[in-house]
There are 2 protein chains.
Amino acid sequence: MVWQQGHFQYFRSVHFAMPISLYIDPSITIGLQQQIYTEIRTATLTGRFPPRMRLPSSRALASSLGVARMTVTEAYARLISEGYLETRPGSGTFICSVLPEQSLVVSHSGLPVTPRTTKRQASLNTSASASISLSKYGCALQAAPSEDPRRPRSVIRMDQTGPCIASFPVSQWSRVLLRQARNLVRDQFEYARDARGYQPLREAISQYLKRVRSVDCDPNRVVLVSGSQQALDICARILLDANDTVAVEMPCYPAAAQVFASQGARMVHIPVDGAGIDCDALFEQGAELCKATKTPIKLVYVTPSHQFPTGASLSLARRLALLQWAFDNKVLILEDDFDSEYRYAGRPLPSLQGLIPNAPVIYIGTFSRTLFPGLRIGYAVLPEKLVGVFSQAKLLTDRQGTTIDQCALTDFLNEGHLERHILRMRKLYGRRRAILVEALTVQFGDRVRIGGDEAGMHVFAQFSLRIPETTAVHRALVAGVQAGRVHWAKDSARSRSVAFYFGFAALSEPAIREGVRRFAIALGAHPKN
Amino acid sequence: MVWQQGHFQYFRSVHFAMPISLYIDPSITIGLQQQIYTEIRTATLTGRFPPRMRLPSSRALASSLGVARMTVTEAYARLISEGYLETRPGSGTFICSVLPEQSLVVSHSGLPVTPRTTKRQASLNTSASASISLSKYGCALQAAPSEDPRRPRSVIRMDQTGPCIASFPVSQWSRVLLRQARNLVRDQFEYARDARGYQPLREAISQYLKRVRSVDCDPNRVVLVSGSQQALDICARILLDANDTVAVEMPCYPAAAQVFASQGARMVHIPVDGAGIDCDALFEQGAELCKATKTPIKLVYVTPSHQFPTGASLSLARRLALLQWAFDNKVLILEDDFDSEYRYAGRPLPSLQGLIPNAPVIYIGTFSRTLFPGLRIGYAVLPEKLVGVFSQAKLLTDRQGTTIDQCALTDFLNEGHLERHILRMRKLYGRRRAILVEALTVQFGDRVRIGGDEAGMHVFAQFSLRIPETTAVHRALVAGVQAGRVHWAKDSARSRSVAFYFGFAALSEPAIREGVRRFAIALGAHPKN
């Protein structure tokens, strides 16, 4: 028995005179029994302890290691129950003989190699990992550009269109949450009874949407999801096969385009002007597609209340034309009503979905914009025929959302906090939008054109610049501001002027002014203070 | 002006002598202005008010309706801003002339029809809804059998394998939740910084899995998901294309099979015996497939700790063979470790994933079984190479889970509540399992054979019966008990005896005894009390 560096302890087996080493360290927190177990297990797996090798008796090993005999007995018992060791009555404890053929020999890199083919397989790790072959969906995701995380904190993020968390009534939310946490009921711990989500919340949302958004709605057709992203994803999955055609606005909301693309769908890009998606272009392209390839448009994704990112509202004439065309051509419309609650001039336009009864529209919305993104609750209002399959997909995707949050949100809605909050935010955001528009006008004069309605949580601005977009973005980032890049499809006809969107809802007035000033510096527009 | 039934009010336009009717009801809670707005809007959309029709002046309409003039002015203003009405200076307010071509005529069924083709399109509603064409995924979901909800409440549910909610330390959960709700921080309201989920929770889970399940793990390779169902779904999506081959245990966990099937994957069913999945059969089938169709097996889905539903643990020899085969054939293993924490004899077997370093295994787990199903938090431990694409899929699927729950769970884990709870439940469930086994043995004698290890939250039992399985299930339901039906693939070779599984964790001891008694009555086994 030799102590090596105070840690390695050699043990000479009494009967076979075979030295075995166990690395035991009494100073670390892992129990000694666990250490003995792990050491013998690893030695067996790596082939260091060959099959049928006899182990010292528990008494002998315990005394050599200076531990209680019970410690060794229990480690042995566990190894026996797990099939590493076996006892032969009267002759002692052995490494299991069943293992030899199947045992893995682990190479220096910690990889299993079979003895015969050590050389060929020594590099198994890298080749094996590299060889994981993804599905088309997986490949599409891997190919998608990911955000550069190396942005310094001091950069003013005008590319984000989320709400102002600092103005959120945290104490009110805390109160409804506390009430839930204090009065947890059994149902909140079980699986939900209904794949569509918590019934009272579906009722509250239904009432809210009918009242505020004129949505044609009843609780049975409302399905709760984890944010509108999940609604988009489920719609794409239940409706689109690879090579099915979806019409999207161009420019458009990039996360939606990514969902359709990763599903393998073909996208036709329909231009957007001051009155929203260009319906004539849509109808024309739809007819052409039908004639040329016999693959009609199956789905149209639109943001009629406040187009992302141009900020245009879809005109009433186009809404009617779109609905009529959808009926005539059996096309489904996916209406993403993501920030419709915020309109600073005039009333919010009613939803496209509620314009006529039984419209062929899936209406989706979220509380990420009106409340906060960390709350993962959105909803889809579906045509009767789709409720079953959508709920089934929700069930298979992740079963359900968190019940406690759904209960808290129900109280929040029913006590009127949501609508009061929206009213307050409408004032705040309206002021912030005005300041942003003013700052852009002051800094850029007639070299900027502000597009879109006085609505939403971002402003769309077109600049006459002499530098390309990527240069502008890079310079702006160096100057300490990130403007929102507009998502154009590669083949889409884009306007000659460079356009950006600017989120304003979450930024204070000085931050908005400073952001625009930095942007002006970056673009060499002789900034004014 | 005529009041009809006290509600319908006719108004005769002064200039055109055209009678217009507005349905106004002062007794209902919707504001009068809203009622006027809705009535005129609907009348315009349905064509009841033709384009270019002149409306009465706001003063005249107000006086005829007996409402304040302001009410009418505001309704008019809104209709003008939304494009339904237009004013011509000096001559009054008119129904918009831009609409005529695009306006929808709504039939009696509330459906839009164009005047020319009224007859053909009168039934548009049903035909349009019926014509929604789903994707293959959507069709697969629609075809899947849904549970019969007409089960009376008094039925003892032995088909459910969830935890005992009544024994959950609600007050402890409430305490961590209250602490979060009282100290909400801004980050909890924002989008998560990391698509993988809340970093401290990933750390806590990583530590837990290393300690308790011997998982080869670090927080960077842990991705939080909404329950293990979402992990299964994302794995299927990023790894499997239509017609890719997955090997599944047979019988198997039906929700997993459904995920693979709905993804369009081909499944090969590998039989299970007392030592888990039959690896020889797997390797043979894999080799045959490769030879015959050149579509090798891409993924193997296994439940090694406690096979669902047979309850077998995968033997060590098979574990090693499976890993070696996976390495050699570049197959990924999906290890679903769904209820491994509960083992009533001996210690829990370490995970398959942690048996050797860099194993080609995706390890998935959930807190639905150890804590409660309403908490939607599960996890996947991924090979390095898959972390990026898996997180990207999570982001695109539903962005993230609820931060507040993730924070509460972090505290719960770090304060040791989880492990204490598991220890308590191990005693309780062990007792319940023993009672279930005893009851089955008492009632069925040698006509029942209990399979599987003393582990998990269900017992697998094979019966020698003279009646077919469906009859047995039906009779049991009539007798007031639902046994768990084993999911067999249609083409799989099943044993001649009829097998059921029985969940016991959530049932009290009397309920277990009564459930088995009812089952014995149903199957005509001369029940003993």
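These figures come from a predicted structure and were not determined experimentally.

(A) Quick look at the sheet that holds strand 13 (residues 297–302) of chain B. Residue and element names in this part refer to chain B. Reading across the sheet, the 8 strands line up as 9-16-15-14-13-10-11-12 and stay open at both edges, with mixed pairing between neighbours. Edge strands, defined here as strands with exactly one partner in the open sheet, are strand 9 (222–225) and strand 12 (276–277). In the sheet, strand 11 (residues 266–273) pairs with strand 12 via 2 bridges, with the strands oriented antiparallel. Looking across to strand 12, one finds that Asp273 is bridged to Gly276. Against the sheet, helix 11 (residues 279–293) engages strand 10 (245–250), strand 11, strand 12 and strand 13, with an angle of about 155° to strand 11.

(B) Examining the environment of A:Leu386 more closely. When you line up the elements, A:Leu386 lands in helix 13 (residues 384–398). Sequence-wise, A:Leu386 and A:Val155 are 231 residues apart; in three dimensions their C-alpha atoms are separated by 44 Å. With sequence-adjacent residues up to four places away left out, A:Leu386 is seen in contact with A:Ile238, A:Leu239, A:Leu332, A:Ile362, B:Ile132 and B:Leu134.

(C) Quick peek at the pattern of salt bridges. Considering all chains together, one arrives at 46 salt bridges over all chains under this definition. Residue B:Glu86 is joined to B:Arg88 by a salt bridge in which the shortest nitrogen-to-oxygen separation is 3.8 Å. It is possible to trace a salt-bridge network through shared partners that takes in A:Arg179, A:Asp411 and A:Glu415.

(D) Expanded view of the pairing of strand 18 (residues 458–463) of chain A. Residues and elements named next belong to chain A. Among the 6 residues of strand 18, 6 are classified as buried, and the element is accordingly described as predominantly covered. Judged by which residues are buried, strand 18 turns out to be covered on both faces: His458, Phe460 and Gln462 on one side and Val459, Ala461 and Phe463 on the other are all buried. Examined bridge by bridge, strand 17 (residues 448–451) and strand 18 share 4 bridges and lie antiparallel to one another. The partner of Gly451 across the bridge, within strand 18, is Phe460. Pairing of strand 18 with strand 20 (residues 498–503), which is carried by 6 bridges, proceeds in the antiparallel orientation. Directly across from His458, in strand 20, lies its bridge partner Gly503.

(E) Molecular detail of helix 8 (residues 199–213) of chain B. Residue and element names in this part refer to chain B. Taking 1.5 Å per residue, 15 residues should reach 21 Å; helix 8 reaches 20 Å between its end C-alpha atoms and fits that length. Among the residues of helix 8, those classed as buried are Leu201, Arg202, Ala204, Ile205, Ser206, Tyr208, Leu209 and Arg213. Its buried side turned inward, helix 8 meets strand 9, strand 15 (361–366), strand 16 (378–381), helix 14 (403–414) and helix 15 (417–444). The first or second residue beyond helix 8 is Ser214, which carries a positive phi of 50°.

(F) Quick peek at unusual backbone geometry. The residue after A:Phe308, namely A:Pro309, is reached through a cis peptide bond having omega 0°. As for its placement among the helices and strands, A:Pro309 is situated in the loop between strand 13 (297–302) and helix 12 (316–329). In this structure, the amide linkage connecting B:Met250 to the following residue, B:Pro251, adopts the cis form with an omega of 0°. Relative to the helices and strands, B:Pro251 resides in the loop between strand 10 and helix 10 (254–262). We note that A:Lys294 has phi near 55°; this positive angle belongs to a residue other than glycine. With respect to the element layout, A:Lys294 can be found in the loop between helix 11 (279–293) and strand 13. Accessibility expressed as a relative area gives 71% for A:Lys294, which makes it exposed.

(G) Seen up close, the packing of helix 7 (residues 170–182) of chain A against helix 7 (residues 170–182) of chain B. Where helix 7 of chain A meets helix 7 of chain B, the closest approach of the two axes is 9 Å, and the angle between their N-to-C directions is 175°. Classed by the angle they form, the pair helix 7 of chain A and helix 7 of chain B counts as roughly antiparallel. Within the contact between the two elements, helix 7 of chain A uses A:Ser174, A:Leu177, A:Leu178, A:Ala181 and A:Arg182 and helix 7 of chain B uses B:Ser174, B:Leu177, B:Leu178, B:Ala181 and B:Arg182. The residue inventory of the contact of helix 7 of chain A with helix 7 of chain B, partitioned by class, reads 6 nonpolar, 2 polar and 2 charged.

Cut-offs used in this document
- Residues numbered from 1 in each chain as written.
- Chains lettered and ligands numbered in written order.
- Predicted model: local features only at pLDDT ≥ 70, side-chain atom pairs only at ≥ 80, totals over all residues.
- Heavy atoms only, no water.
- Pairing = 2+ DSSP bridges.
- Helix = DSSP H or I, 4+ residues; strand = E, 2+ residues; numbered from the N terminus.
- Contact = heavy atoms within 4.5 Å.
- Axes fitted to C-alpha atoms, helices over the stretch in contact; angles between N-to-C directions.
- Salt bridge = Lys/Arg side-chain N within 4 Å of Asp/Glu carboxyl O.
- Buried < 20%, exposed > 50% of the residue type's maximum accessible area, 1.4 Å probe, protein only.
- Expected span 1.5 Å × (residues − 1).
- Parallel < 35°, antiparallel > 145°, perpendicular 65-115°, else oblique.
- Nonpolar A, V, L, I, M, F, W, Y, C, P; charged D, E, K, R; others polar.

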